[in-house]
Amino acid sequence: MNIKNIYTIVANRRLTHKTWVMTIQGDTGAIKAPGQFVNISIPEKYLRRPISICDYSHERGEITLLYDTVGEGTEAMSRMMPGDSLDILNGLGNGFNPNPPSERPLLLGGGIGCAPLLGLARVLRESGKNPIAILGYNTAADSFGMDEWFREIGVEAYIATVDGSVGTKGFVTDVLREKGIESGYFQACGPMPMLKALCTGLDIPGEVSLESRMGCGFGACMGCVIQTVNGPRGICKAGPVFRKEELIWK
């Protein structure tokens, strides 16, 4: 069940020139798997803003959200203060497989798409897996220190930047080649060109979380439909996580 509820902002701070981290407190009962998302009501805006859940704690009743300021809605979020309230639809979509068929799954992120991989990494570590995180950015200025968050929970982590200003020069796949990393499964989130390259270029099974503009967030408006081998599917309801073999890339 998707829960509409009021959440309280605990913290909201800038990480880079465009990336922010927000912690909210409230009912986390609707979150069943890493990779789900919330849909936030922004004052004076008609449509809610979908934001991936970076991490969550049922014990503390807290949710961590990472977001880029890319428009009026997220700009408004960046001005919100601790103690402010948010009207949120929580636990939307389907998340990542918490028990993938590999002891060392690859967690491949691009930009703000790195966010949901942190909660996934924590769940995988708790189940005895040893994931490897590879995070891709355009430049060092876009990197917000998330590799250290992964290392804090015992996950091996690497960075790639397109301009080579930090980490490996190139893309996440260049890190695989440079470090000689092998795995039998990958789980990824990032921009569509990156996900297409992974699905068509990596000769291992995997799953990807798709980023998309959304209207309702729960499958009613059909505003985020993609083509799959099973016909048209809404990213918000059938996804955002899809198995590699489900997707039709054009």
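Residues numbered from 1 in each chain as written. Predicted model: local features only at pLDDT ≥ 70, side-chain atom pairs only at ≥ 80, totals over all residues. Heavy atoms only, no water.

S.K.: Could you give an account of helix 2 (residues 115-126), with specific residues and numbers?
M.R.: Burial runs high along helix 2: ten of the twelve residues are buried. Taken together, the buried positions of helix 2 are occupied by Ala115, Pro116, Leu117, Leu118, Gly119, Leu120, Ala121, Arg122, Val123 and Leu124. Note on helix 2: the residue one or two positions beyond its end, glycine 128, has a positive phi of about 95 degrees. (Buried < 20%, exposed > 50% of the residue type's maximum accessible area, 1.4 Å probe, protein only. Helix = DSSP H or I, 4+ residues; strand = E, 2+ residues; numbered from the N terminus.)

S.K.: Requested: an account of the packing of aromatic side chains, with residues and values cited.
M.R.: By the definition in use, this model includes one aromatic pair. Arranged with centres 5.6 Å apart and planes meeting at 80 degrees, the rings of tyrosine 137 and phenylalanine 144 form a pair that is edge-to-face. The ring of tyrosine 56 has arginine 122 lying over it, and the distance from NZ or CZ to the ring centre is 5.0 Å. (Phe/Tyr/Trp six-rings, centres within 6.5 Å; stacked < 30°, edge-to-face > 60°. Lys NZ or Arg CZ within 6 Å of the ring centre and 35° of its normal.)

S.K.: Run through the sheet that holds strand 12 (residues 206-210), naming residues and quoting values.
M.R.: The seven strands are arranged 10-9-8-7-11-12-15 in an open sheet whose pairing can be described as mixed. Only two strands of the sheet have a single neighbouring strand rather than two, namely strand 10 (168-169) and strand 15 (241-243). In the packing of helix 2 onto the sheet, the strands contacted are strand 7 (106-110) and strand 11 (186-190), and the crossing angle to strand 7 comes to about 165 degrees. (Pairing = 2+ DSSP bridges. Contact = heavy atoms within 4.5 Å. Axes fitted to C-alpha atoms, helices over the stretch in contact; angles between N-to-C directions.)

S.K.: Could you give me a rundown of the pairing of strand 6 (residues 85-92), with the residues and numbers involved?
M.R.: Successive side chains on a regular strand alternate, one facing one side of the sheet and the next facing the other. Burial analysis of strand 6 places six of its eight residues in the buried class, which makes it a mostly covered element. Here strand 3 (residues 37-40) runs beside strand 6; their pairing, made up of three bridges, is antiparallel. For asparagine 39, the partnering residue across the bridge sits in strand 6 and is leucine 89.

S.K.: I'd like to hear about helix 5 (residues 192-201), residue by residue, with values.
M.R.: For helix 5, the set of buried residues is Met194, Leu195, Leu198 and Cys199. All buried residues of helix 5 fall inside an arc of 125 degrees around its axis, so they share one side. Those residues of helix 5 that are exposed and angled more than 90 degrees off the buried face are Pro193, Thr200 and Gly201. Contact partners of the buried residues in helix 5: strand 7, helix 4 (172-179), strand 11 and strand 12. (Arc of directions from axis to C-beta.)

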